[in-house]
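Observations on the model geometry
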Amino acid sequence: MARQPTRAASRLAAYRSTDPDLHPPLRMQVLLGFQHVLAMFASNVTIPIILAGLIGADAAETTSLIQVAILVAGLTTVVQGVGLGPVGARLPIVNGSGFVFAAVAFPVAVEYGLPAVFGGALVAGVVQLLAGLVIPRLMFLFPTVVLGIVLTSVGLGLIPTGIEMAAGGAGSADFGSPRNLALAALVLTLAIALSHYGRGLLSAAAILLALAVGYVVAIPLGMVDWQPVADAARVSVAVPLQFGVAFEPAAMVAMGVAGLVNVLDSMGSMVAVTKGTADREPTAREYTGMVTGSGVGALLAGLFGTVPSTSYSQNAGLVPLTGILSRHVATATGAILVLLSLFPKGAAAITAMPSAVLGGAAILLFGNVLAIGIKLLGETGLDQRLLIVVAVSLTVGQGLGLVPEAIAVLPDQLVTLLGTGVVPAVVVGIILNLVLRERTEDRPEQREPARPTP
């Protein structure tokens, strides 16, 4: 006899909906929001830490850079969830410090200083706001096959990051140790088991619970450093323009181009959210909202002093796992991040979570993005023409990402953009999809019916 669903499972099923406006109870919003925070937190604070090291920042400046990164990520995520007119996707899109922007910001900071980075961030914000207004007219460039290429490229590009995190983090002294791998395997196994077999909140909060268990297990193993928590201030408020703003032409151009690249990069996350949860592609209004929301986020980054944010793929992979498309979860996530920016000790406690713990969850989340991309490509039918488009796009994109030395003769900025894997794959996919015309024999309605066998 089949088991009857529990009351908690029945309540959760009511909120597993394709309606972004669905309003789960506040308790559930906070729980799922905190789960999103744990999934993205390490990535969000990594960029300001590296940036601080590049410019030789002292402890106080480093703390301020981390605090602002958390604050801007939270505010931008709130904008994406709530929506302000045409700004904001009104979907559970979680934003954090963007690695596309970081690739440009790091050399700019070394060459011109932090004020030039933040002046460039303001330019990137304006560029993205303008791009958001015209993107509905460019949607013909992004049919299902190109969106599938975007998402698959993002997923493939994230695989090394997930494995590096599970092994202990690139450059760590114990990279690849049995202890790290065992801890990552524990978190991954628990996340899979809870997501698949759990009921009610056990399933929806699978990642959160798996991370919590991994964190607790890591403490007696001596893998958690509590010193940063002890050193962090109890309360701190970010001050606008504390690092200054400067407008260097080279930095403005570089960050503006990064803003355009971020539009392509964020499309993959958005498709993962809607396709994986609601089995549909984003609407033109949602695309506009996502891009303009990122533009507002970049303006906030320039105002407060941090690298502009992007929509995080790990969080996009988390939404389909919970099955809850409610935009109010993103709002709760952003609110939690804003609160954490005011209480550095809480943020430091999350930052202390070992990389291996986060890596175990990242393997599942990043893999989910890749799987949704493969599913999207499969829905195109992949006739001979589309097979060529997909094959060449992914091979060129991932090939340049894996072997950037092949294009070392190009300018450094161009090498950085092409080395992302996503940008060349999308550009090649768009061009081939437009150039290779659909053959008559590939159209189902034009094919001759099969003749019966005598």
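Residues numbered from 1 in each chain as written. Predicted model: local features only at pLDDT ≥ 70, side-chain atom pairs only at ≥ 80, totals over all residues. Heavy atoms only, no water.

**Details of the overall build of the protein**
Stated precisely, the cut-off is as follows: Starting at the N terminus, helices and strands are each numbered in turn, a helix being any DSSP run of H or I of at least four residues and a strand any DSSP run of E of at least two. A radius of gyration in this sense is built from C-alpha atoms; the matching globule rule multiplies 2.2 Å by the number of residues raised to 0.38. Exposure is judged per residue with a 1.4 Å probe applied to protein chains only, and the accessible area is read against the type maximum: over 50% gives exposed, under 20% gives buried, and values in between give partly exposed. Contact criterion: two residues are considered in contact whenever any of their non-hydrogen atoms come within 4.5 Å of each other. For accessible areas, the Shrake-Rupley method is used with a probe of radius 1.4 Å. Any residue's cover is judged against the shown protein chains and nothing else. Positive charge is attributed to Lys and Arg, negative charge to Asp and Glu, and no charge count is given to His or to the chain ends. A charged residue contributes its charge at one atom only: NZ of Lys, CZ of Arg, CG of Asp or CD of Glu.
Along its length, the protein carries 19 helices and two strands. A compact globule built from 454 residues would reach a C-alpha radius of gyration of about 22 Å, and the protein, at 22 Å, matches this within 12%. Based on the C-alpha atoms only, the size of the protein along its principal axes is roughly 85 × 65 × 45 Å. When each of the 454 residues of the protein is scored for burial, the buried share is 53%. Considering only residue pairs separated by 6 or more positions, the protein has 84% of its internal contacts joining residues 24 or more positions apart. Total accessible area on the protein stands at roughly 19300 Å², and carbon and sulfur atoms take up 67% of it. Averaging the positions of the 22 positive and the 23 negative side-chain charges in the protein gives two centres separated by 14 Å.

**What about the packing of helix 2 (residues 26-55) against helix 13 (residues 313-322)?**
What counts is decided by this rule: Axes here mean lines fitted to C-alpha atoms, for a helix over just the part in contact, with angles spanning 0 to 180 degrees between N-to-C directions. An angle below 35 degrees is read as roughly parallel, one above 145 as roughly antiparallel, one from 65 to 115 as roughly perpendicular, and any other as oblique. Each crossing gets its hand from how the near helix is turned against the far one by less than a right angle, where anticlockwise is left-handed and clockwise is right-handed. In the scheme used here, Gly and all other residues not listed as nonpolar or charged are polar, with Ala, Val, Leu, Ile, Met, Phe, Trp, Tyr, Cys and Pro taken as nonpolar and Asp, Glu, Lys and Arg as charged.
Where helix 2 contacts helix 13, the two axes come as close as 10 Å, and the packing angle between them is 155 degrees. Between helix 2 and helix 13, the interaxial angle falls into the category roughly antiparallel. The two elements helix 2 and helix 13 meet at a crossing, and its hand is right-handed. The segment helix 2 lies against helix 13, with Leu32, Gln35, His36, Ala39, Met40 and Ser43 engaging Gln314, Asn315, Leu318, Val319 and Thr322. For the contact of helix 2 with helix 13, the class distribution of residues is five nonpolar, six polar and no charged.

**Section: a nonpolar patch on the surface**
As a reminder, the rule being used: Two joining distances apply to patches: 9 Å for like charges and 5 Å for nonpolar side chains (Val, Leu, Ile, Met, Phe, Trp, Tyr), and every residue must have over 30% relative accessible area and no salt bridge. The rule for a salt bridge is simple: a side-chain nitrogen of Lys or Arg has to be within 4 Å of a carboxyl oxygen of Asp or Glu.
A surface patch of nonpolar side chains, about 920 Å² in accessible area, is lined by Val126, Leu130, Leu133, Val134, Leu138, Phe140, Val427, Ile431, Leu434 and Val435. Of all elements in the fold, only helix 5 (114-134) and helix 19 (422-435) reach the threshold of two or more residues within the nonpolar patch. Given the relative accessible area of 52%, Leu130 is considered exposed.

**Brief notes about the confidence of the model for the protein**
Cut-off, in case you're wondering: The score called pLDDT rates the predictor's confidence residue by residue, from a low of 0 to a high of 100.
Averaged over the protein, the pLDDT score is 84; the fraction of residues at 70 or greater is 92%. When mean pLDDT is taken per element in the protein, helix 14 (residues 327-342) scores highest with 94 and helix 1 (residues 7-15) scores lowest with 53. Note that residues 446-454 has pLDDT below 50 and, in this model, three contacts with residues that lie over four places away or in other chains.

**Some remarks on the pattern of salt bridges**
Taken as a whole and assessed by the stated rule, the structure comprises five salt bridges. We note a salt bridge from Lys275 to Glu379, for which the minimum N-O separation is 2.6 Å. Residue Lys275 is found in helix 11 (residues 249-278), and its partner Glu379 is found in the loop between helix 16 (355-378) and helix 17 (384-402); the two are separated by 104 residues along the sequence. For Lys275, a relative accessible area of 7% puts it in the buried group. Through salt bridges that share partners, Lys275, Asp279 and Glu379 make up one connected network.

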